[in-house]
Amino acid sequence: MKLAGNEFELLKGFVEKHCGIHLEPGKEYLIETRLTDIAIEHECRSFFEFYQKALADTTGKLRNRIVDAMTTNETYFFRDDNLWTYMKEVAVPALLKKAATGPVRVWSAAASTGQEAYSMAMLFDELARAQGTPSLSGNLEILGTDISSAALFLAISGRYDSLAIRRGLSEERRRRYFQEHGSVWAISDEIKSRVKFRRFNLMDPFAPLGTFDLVLCRYVAIYFQDDFKKDIFRRIAGVLKPGCPLLLGATEILRDLNDEYEPVLHKNCTAYARKPAR
Ligand SMILES: C[S@@+](CC[C@H](N)C(=O)[O-])C[C@H]1O[C@@H](n2cnc3c(N)ncnc32)[C@H](O)[C@@H]1O
């Protein structure tokens, strides 16, 4: 189905209002390719009719399907070597120290299909074992959140196909942490038990999620307008404990939040440490 008249403006506004995803002019094809099937399923003959149905839907079901379809869920295990070098050499050793005295909490704020959260759980387990304290993993709690129900369904299942399992995982990690069932690989119960997933919109207040010792907010703010980006990083500062790091995607930079964060460079990775409250 083709967009006509002001249909792009209407649907673009609808999407941005409900999840923050901003579509520049030129992205009309994204609406056409991702929403046509849903529009046809709802017996709409135009995108205007579809937009009206979405507005009239009081159940929120159609809205959720639209948002889900407009998200980009690209992810893979141990994405970005520089980040995981930082995690291995700085962040996880610091978390292990804390875990010796109590629970530590990590938030994967755009968890998609779970690879980022499970990578964290695997690395923590490896380093805990290497220092002879495997039981410290019991003090690790990772929260993975995402707005996409379809992505979360896969994350919660902890089951990956042969393509996903090949992306970013060494043979050794695959063998240690996954069981092969035909063409599907299931993550071990132990690693799975460290991670809880829940549906969450980054537009909503963060306080109910609790506080964190580390936050990963990677490759999601790239889809938002500058004001919303800033707002998210400011609100993350409200749930991140002082001195603790926020990690962004390799191509993302935190701007104009000097009051809240201090950049910390480790090799080729920049982490943003939450400044102590003043
Ligand atoms: C490209 S993936 C990033 C996955 C992972 N963080 C990584 O770096 O590999 C972006 C994710 O952000 C999620 N997302 C987009 N808008 C969101 C919002 N308003 N609230 C929560 N999650 C959102 C999408 O559903 C998608 O799964």
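Everything that follows concerns the structure shown earlier in this document.
Residues numbered from 1 in each chain as written. Predicted model: local features only at pLDDT ≥ 70, side-chain atom pairs only at ≥ 80, totals over all residues.

Here's the deal with the overall build of the protein
Okay, so step 1: Scanning the protein for helices and strands turns up 11 helices and 10 strands.
Okay, so step 2: Here the C-alpha radius of gyration of the protein, 20 Å, is about what a compact globule of 278 residues would show, namely 19 Å.
Okay, so step 3: Principal axes of the C-alpha set define a box for the protein whose edges measure 65 × 55 × 30 Å.
Okay, so step 4: Residues classed as buried in the protein amount to 38% of the 278 residues present.
Okay, so step 5: At a minimum sequence separation of 6, the contacts of the protein that also span at least 24 residues come to 76%. (Helix = DSSP H or I, 4+ residues; strand = E, 2+ residues; numbered from the N terminus. Rg over C-alpha atoms; globule rule 2.2 N^0.38 Å. Buried ≥ 20, exposed ≤ 12 C-beta atoms within 10 Å, placed from the backbone. Contact = placed C-beta atoms within 7 Å.)

Observations regarding the pairing of strand E4 (residues 178-181)
Okay, so step 1: Strand direction decides the pairing type here: E4 and strand E5 (residues 184-187), joined by 4 bridges, are antiparallel. In the sheet register, Gln-179 faces E5, and the bridge partner there is Ala-186.
Okay, so step 2: In this structure, the hairpin formed by E4 and E5 is closed by a connection of 2 residues, where Gly-182 is found at a positive phi of approximately 65°. (Pairing = 2+ DSSP bridges.)

Observations concerning the nonpolar core
Okay, so step 1: Grouped together as the largest cluster of nonpolar side chains are 63 residues, with contacts concentrated most on Ala-121, Val-215, Cys-217, Ile-236 and Leu-246.
Okay, so step 2: At 8 residues, the largest contribution of residues to this core is made by helix H5 (residues 81-99).
Okay, so step 3: By size, the runner-up hydrophobic cluster in this structure holds 16 residues, among which are Leu-3, Cys-19, Leu-35 and Ile-66. (Core = buried A, V, L, I, M, F, W, Y, C linked by C-beta atoms within 7 Å.)

Some remarks on the site of the ligand
Okay, so step 1: Residues in contact with the ligand amount to 24 residues; listed here are only the nearest, Thr-71, Thr-75, Ala-110, Ser-112 and Ser-148.
Okay, so step 2: A class-by-class count of the residues in the shell around the ligand yields 10 nonpolar, 9 polar and 5 charged. (Near = placed C-beta within 6 Å. Nonpolar A, V, L, I, M, F, W, Y, C, P; charged D, E, K, R; others polar.)

Regarding the packing of helix H1 (residues 7-19) against helix H3 (residues 47-56)
Okay, so step 1: Two elements in contact, H1 and H3, have axes separated by 9 Å at closest approach and are oriented at 25°. Taken together, the axis directions place H1 and H3 in an arrangement best described as roughly parallel. Here the hand of the crossing between H1 and H3 comes out left-handed. Only Phe-47, Phe-48, Tyr-51 and Ala-54 of H3 make contact with H1, whose side of the interface consists of Glu-7, Leu-10, Leu-11 and Phe-14. (Axes fitted to C-alpha atoms, helices over the stretch in contact; angles between N-to-C directions. Parallel < 35°, antiparallel > 145°, perpendicular 65-115°, else oblique. Left-handed = near helix turned anticlockwise from the far one by under 90°.)

Some words on the sheet that holds E4
Okay, so step 1: In space, the 3 strands of this open sheet follow the order E3-E5-E4, with antiparallel pairing throughout. Where the open sheet ends on each side, the last strands, each with one partner, are strand E3 (159-161) and E4. Strand after strand, the sheet turns through a mean of 30° between neighbouring axes, direction not considered.
Okay, so step 2: Across 3 bridges, E3 lies against E5 in antiparallel orientation. Across the sheet, the residue bridging to Tyr-160 is Trp-185, located in E5.

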